[in-house]
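Architecture at a glance
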Amino acid sequence: MTVRTRIAPSPTGDPHVGTAYVALVNYCFAKKHGGQFLLRIEDTDRARSTSESERAILDSLHWLGLSWDEGPDVGGPHGPYRQSERGAIYREHIQMLLDAGHAFKCFCTPERLEEMRVAQRAAAQPPRYDGLCLTYDREEIARREAAGEPYVVRMRVPGEGVCVVEDLRRGAIEFEWKTVDMQVLMKSDGMPTYHLANVVDDHLMEITHVIRGEEWVSSAPKHILLYRYFGWEMPKLMHLPLLRNPDKSKLSKRKNPTSILFYQRMGYLPEALLNFLGLLTVNSADGNEIMDLHELIGRFEFEHISLGGPVFDVPKLNWLNGRYIREMLDVPSFIKRVEAWAGDEAKLANILTLAQARIERLSDLGSLIAFFFQGRVSVRADELRDGKLDDENLRKAFQLSLWEIDGLRDWNVSSVEGALKRVADALGKKFRDVARPFYLAVTGSPTSVPLYDAMAIIGRDIVRERLRVALDTLGGASNKEQNAWKSLIAGAGERAEALS
Ligand code: GLU
């Protein structure tokens, strides 16, 4: 048997360091066993998936030095590798489940489902579809369909008994079937859900080992059942611990940047970041901590992955990156790296276009444009407070701006302008009256080149981090405040949730 593993990212945001970590584990495991590693794009959520995000995920994994034997960009015999292009395959498999009675059409309206959930909550029962549509006979179903009632397709789930999930690292994990929901497999618009598409694709793509984040453990019973319904052999499962902050909380944007683009723009070397992530998967007790991909593959063992949660320890990453810069690059290679990082001509041209109108001597450029090349900029609380906004409004302005920029689909001058204007509106002010703290947070100075243009050039990740640091400098926003402020920005609630 050839080992085949995969990474299956959803292109709904920035490329996450957690995705790189899971990809690296899958890669090392496959290569250690002479197998293949695939990349599949799970873009069934059409509203949230973007081609920019897909591009950024592929580019950043390549940047880190990872490659795949099959995928949307390189092709392969099991394609297409983008779920949005596999609709007919999923429809065919849904029909197989319906024909065999393993799945059923559910006509329940969102209102009825909500009433059901409220009643279940009141009775302290686990949230689970109550099976009403399972009681309909053939005529009733045909009548509803003929009347054009929208429906979803759900999978049948046993009402009793226990499902045992065998995890390669965690052993047997038991779930009572009565706590497993009758999962929707196909939405009313005919799109499959993650569960169906993921299982069908893993099977058709001949994946032998599904290695993914632990947040998917609770989905495993549904997947096991689907494999059983289809009569397919189950791949081996392994759920990886999530990356954590040093305080052991889940790595989240609230405390640490999580986008690979941030680390790229900060000037980390890809081989150092890869080495750092790799150290979370190998035993380096012999004191050797500098390892390339080849060595990581050689040393890889599941047993080395700490289930307590690997810590994304930024000081350690800094130390490792420094060693790579000082010890692993000769001067010509170092110069090449700096040129590649800072010497993007189009970017430089954009920066100089903004700066020209604001200098008297060319030597003024240094201090004026340094912030474009920095990571964080230093800003003091008293400078931030020394303006028209009181403390609460200042913190509110930064918190709302974080939610706003997280919600932007595109990152450019006009989208950034729109975001900051909406923040000013939410505060009941004109943007020019609240601009000062934003200038300070983003550029390090109360006056500089035009802010929206500067933000567009610096990039979302670094801007986000600077705004987050400014908010932290002022003491942050408590959970209570965040809850109270969420309603001021459309969609902020879900984003706050996704971040927590
Ligand atoms: N699309 C899922 C994700 O974004 C894949 C999970 C899995 O590997 O099964 O994480």
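One can find the structure itself at the top, above this paragraph.
As a starting point, this report considers the structure included with it. (Residues numbered from 1 in each chain as written. Predicted model: local features only at pLDDT ≥ 70, side-chain atom pairs only at ≥ 80, totals over all residues. Heavy atoms only, no water.)

1. As for the overall build of the protein chain
For clarity, the threshold we go by: Strands here mean DSSP runs of E at least two residues long; helices mean DSSP runs of H or I at least four residues long; both are numbered from the N terminus. Within these notes, the globule rule equals 2.2 Å times the number of residues to the 0.38 power, and the radius of gyration is based on C-alpha atoms. To sort residues, take the accessible area from a 1.4 Å probe on protein chains only and compare it with the maximum for the residue type: under 20% means buried, over 50% means exposed, and anything in between is partly exposed. Working rule for contacts: check all heavy atoms of both residues, and any pair within 4.5 Å makes them a contact. Residue exposure ignores everything except the shown protein chains as possible cover, and the areas themselves are Shrake-Rupley values with a 1.4 Å probe. Only four residue types enter the tally: Lys and Arg on the positive side, Asp and Glu on the negative side, with His and both chain ends excluded. Charge positions are represented by NZ for Lys, CZ for Arg, CG for Asp and CD for Glu.
When helices and strands are counted, the protein chain shows 22 helices and nine strands. Computed over C-alpha atoms, the radius of gyration of the protein chain comes to 25 Å, within 12% of the 23 Å expected from 2.2 N^0.38 for 500 residues, which places it in the range of a compact globule. Considering the protein chain as a whole, with its 500 residues, one finds that 51% of them fall into the buried category. Restricting the contact set of the protein chain to residue pairs at least 6 apart, pairs at least 24 apart contribute 75%. In the form shown here, the protein chain has an accessible surface area of approximately 23200 Å², with 51% of it arising from carbon and sulfur atoms. Looking at charge distribution, the protein chain has the averaged site of its 65 positive side-chain charges lying 3 Å from that of its 70 negative ones.

2. Comments concerning the packing of helix 16 (residues 391-407) against helix 18 (residues 431-443)
The following threshold applies: To get an axis, a line is fitted to the C-alpha atoms, and for a helix only the part in contact is used. The angle between two axes follows their N-to-C directions and goes from 0 to 180 degrees. Angles below 35 degrees are treated as roughly parallel, those above 145 as roughly antiparallel, those between 65 and 115 as roughly perpendicular, and all remaining angles as oblique. If you view the pair so one helix is near and one far, a crossing is left-handed when the near helix is turned anticlockwise from the far one by less than a right angle, and right-handed when it is turned clockwise. Note on residue categories: nonpolar means Ala, Val, Leu, Ile, Met, Phe, Trp, Tyr, Cys or Pro, charged means Asp, Glu, Lys or Arg, and polar means any other residue, Gly included.
Direction vectors running N to C along helix 16 and helix 18 enclose 60 degrees, while the axes themselves pass 10 Å from each other. Here helix 16 lies oblique to helix 18, going by the angle between them. Relative to helix 18, helix 16 is oriented so that their crossing is right-handed. Across the interface between the two elements, Leu394, Ala397, Phe398 and Ser401 from helix 16 touch Pro437, Phe438 and Ala441 from helix 18. Broken down by class, the residue content of the contact of helix 16 with helix 18 amounts to six nonpolar, one polar and no charged.

3. Overview of the packing of helix 13 (residues 345-355) against helix 19 (residues 451-458)
Orientation of helix 13 relative to helix 19, taken along the N-to-C sense of each, is 165 degrees, at an axis distance of 11 Å. Between helix 13 and helix 19, the angle falls in the class roughly antiparallel. Viewed along their axes, helix 13 and helix 19 form a crossing whose handedness is left-handed. For the pair helix 13 and helix 19, contact is made by Lys347, Asn350, Ile351 and Leu354 and by Asp453, Ala454 and Ile457, respectively. Grouping the amino acids of the contact of helix 13 with helix 19 by side-chain chemistry returns four nonpolar, one polar and two charged.

4. What to know about the site of the ligand
Here is the rule: One heavy atom suffices: a residue is near a molecule or strand as soon as one of its heavy atoms comes within 4 Å of it. Within 3.5 Å is the distance limit for a polar contact, defined as a pair of N or O atoms, with the added protein rule that one can donate a hydrogen and the other accept it, and that residues adjacent in sequence qualify only through two side-chain atoms.
Near the ligand the following residues occur: Arg6, Ala8, Ser10, Glu42, Tyr194, Asn198, Arg212 and Trp216. At a separation of 2.5 Å, an oxygen atom of the ligand approaches a polar side-chain atom of arginine 6. Between the ligand and the protein, one listed contact pairs a nitrogen atom with a side-chain N or O atom of serine 10 at 3.0 Å. For the shell around the ligand, the residue count by class is three nonpolar, two polar and three charged.

5. What about the packing of aromatic side chains?
Test applied: Note on aromatic contacts: the rings of Phe and Tyr and the six-membered ring of Trp form a pair at centre separations within 6.5 Å, being stacked when their planes are under 30 degrees apart, edge-to-face when over 60 apart, and tilted otherwise. Two thresholds decide whether a charge sits over a ring: the Lys NZ or Arg CZ must be within 6 Å of the ring centre and within 35 degrees of the ring normal.
Throughout the structure, instances matching the rule amount to 17 aromatic pairs. Judged by centre distance (4.8 Å) and plane angle (20 degrees), the rings of phenylalanine 29 and phenylalanine 302 are stacked. Pair noted here: phenylalanine 29 is in helix 1 (residues 17-32) and phenylalanine 302 is in the loop between helix 10 (293-299) and helix 11 (314-328), with a separation of 273 residues, a long-range link. Of the two residues, phenylalanine 29 and phenylalanine 302, neither departs from the other in class, the shared state being buried. Ring centres of tyrosine 263 and phenylalanine 312 lie 5.5 Å apart, and the angle between their planes is 65 degrees; on these two criteria the pair is classed as edge-to-face. Here the residue tyrosine 263 occupies a position in helix 8 (residues 260-265), and phenylalanine 312 occupies one in the loop between helix 10 and helix 11, the gap between them amounting to 49 residues. As far as the burial class goes, tyrosine 263 and phenylalanine 312 line up, both buried. By way of ring pairs, the aromatic residues Phe262, Tyr263, Tyr268, Phe276 and Phe312 are connected into one cluster. Its end group placed over the ring of tyrosine 129, arginine 154 keeps NZ or CZ at 4.1 Å from the ring centre.

6. Focus on the sheet that holds strand 4 (residues 152-155)
Our working definition: For two strands to be treated as a pair, DSSP must find no fewer than two bridges joining them.
Judged by pairing direction, the sheet is antiparallel, and its three strands sit side by side in the order 3-4-7 without closing on themselves. A strand with exactly one partner marks an edge of an open sheet, and here the two such strands are strand 3 (103-106) and strand 7 (184-186). For this sheet, the mean inter-axis angle between neighbouring strands, taken without regard to orientation, is 45 degrees. Bridging between strand 4 and strand 7 involves two bridges; their strand directions are antiparallel. Bridge assignment links arginine 154 to a residue of strand 7, and that residue is valine 184.

7. So, the side chain of asparagine 26
Looking at the element boundaries, asparagine 26 is found in helix 1. At 3.5 Å, the side chain of asparagine 26 forms a polar contact with the backbone oxygen of arginine 6. Among the polar contacts listed, one links the side chain of asparagine 26 to the backbone oxygen of isoleucine 211, at a separation of 3.0 Å.

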